[in-house]
Amino acid sequence: RKVLNKYIPPDFDPSKVPKGKRPADGQIKVRMMLPMSICCQTCGNFISKGTKFNSRKEDAKGETYLGLKIFRFYFRCPRCSGEIAMKTDPERSDYIVESGASRNYEPWKGEETANELKERERKEAEEGDEMKKLENKTKASKREMDLNAALEEMKSLSARHGRMDLDGVVASVAKMGEKEREKRELEEEMRAKKMYEMAVRESKMGEKEKKQQPGQEEYNKSTNDQGGEKKLEDIYSEDEEEKEARDAEEARIRRRKIIDDFDMGNNNTSDEDGKKKKKNPSAVKKKT
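On a predicted model such as this, the values are computed, not experimentally measured, just so you know.

Draft legend 1. Summary view of the sheet that holds strand β8 (residues 101-103). A sheet is described by the order of its strands in space; here three strands give the open sequence β3-β2-β8, paired in antiparallel fashion. Looking along the sheet, the strands with just one partner apiece sit at the ends: β3 (46-47) and β8. With two bridges connecting them, strand β2 (residues 38-40) and β3 associate as antiparallel partners. The residue bridging Cys-39 from the neighbouring strand is Phe-46, located in β3.

Okay, here's the thing in structure tokens:
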């Protein structure tokens, strides 16, 4: 099984690890897949698209396109081991075979012929129509201005990224942290303000309740003055006789309520019987 975790001793010093030196010619080994089908010029072998190779990659010195680097790849034919070289073509978003082989199909040639045909048709349409010619010139100039503006924007963006250093990144991160801290402090301040308003509101409601019960406060003051430091249970305690009298009064009220409910039920049943007798007098006679 593949080992994912490796032991690192406590006295490990990464600065003492020897660094691999890059070749003097700037070439590095890469694993790549062939992006198009080609034919080897040495042995005539056809190499299909997607074939994997171990190739050498290098920068094409002095060759760029709109600030983009062009890379060159070297690999060998799998049959005769003849060296084949190709490089990137960012202008057409494709690759160019430089030596050792030839492409079976070059798509940009078909595009060039199509462009030539379009140009010929445009010139034929503009021969007898000056307005059409002027309109085409206006469209072409507008397209060129848009392309130049987009190119300038890309250049400024790449320059901005190139100027960015460690100090700038640290400053931007610190600024973001400062904004978050200010936002958090503002939220805490709003929360404290709401809690203070709620406390003030509750205190006002308590004062209103106290004003609505002045008799209770006078009673409490008088009891405190007479008894001194009395406990709360002594102030609100009741005598046994008063408690018995209150329980008897409550029992009498319950009994009276039950009797009244029973009388009301008898009255309702008698009224219903009278109504039935009025509706069916023959039934009453039979019973008698």
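Draft legend 2. Expanded view of the layout of surface pockets. The calculated volume of the largest pocket comes to roughly 150 Å³. If one sorts the elements of the lining of the largest pocket by residue count, helix α2 (residues 130-163) sits on top with four residues. Tallied by class, the residues present in the lining of the largest pocket amount to four nonpolar, one polar and one charged.

Draft legend 3. Representation of the side chain of Asp-94 in the model. Within the secondary structure, Asp-94 sits in strand β7 (residues 94-99). On the basis of relative accessible area, Asp-94 is assigned to the buried category, the value being 18%. At 3.3 Å, the side chain of Asp-94 and the side chain of Arg-103 are in polar contact.

Draft legend 4. Spotlight on the pairing of strand β6 (residues 83-89). Counted residue by residue, β6 has six buried out of seven residues, so it is predominantly covered. Connecting strand β5 (residues 68-76) to the next strand, β6, in antiparallel fashion are six residues, including Ser-81 with a positive phi near 60 degrees. Direction of pairing for β6 relative to β7: antiparallel, over a ladder of five bridges. If you follow Asp-89 over to β7, its bridge partner there is Asp-94. Linking β6 back to β7 in an antiparallel pair, the connection comprises four residues, with Ser-93 at a positive phi of about 55 degrees.

What counts and how
- Residues numbered from 1 in each chain as written.
- Predicted model: local features only at pLDDT ≥ 70, side-chain atom pairs only at ≥ 80, totals over all residues.
- Heavy atoms only, no water.
- Pairing = 2+ DSSP bridges.
- Helix = DSSP H or I, 4+ residues; strand = E, 2+ residues; numbered from the N terminus.
- 1 Å grid on protein atoms, 1.4 Å probe; cavity = no way out; pocket = protein on both sides within 12 Å on 5 of 7 lines; lining within 4 Å.
- Points joined across faces, edges and corners; volume = space filled by probe spheres on them.
- Nonpolar A, V, L, I, M, F, W, Y, C, P; charged D, E, K, R; others polar.
- Buried < 20%, exposed > 50% of the residue type's maximum accessible area, 1.4 Å probe, protein only.
- Polar contact = N/O pair within 3.5 Å; in protein donor to acceptor, adjacent residues only side chain to side chain.

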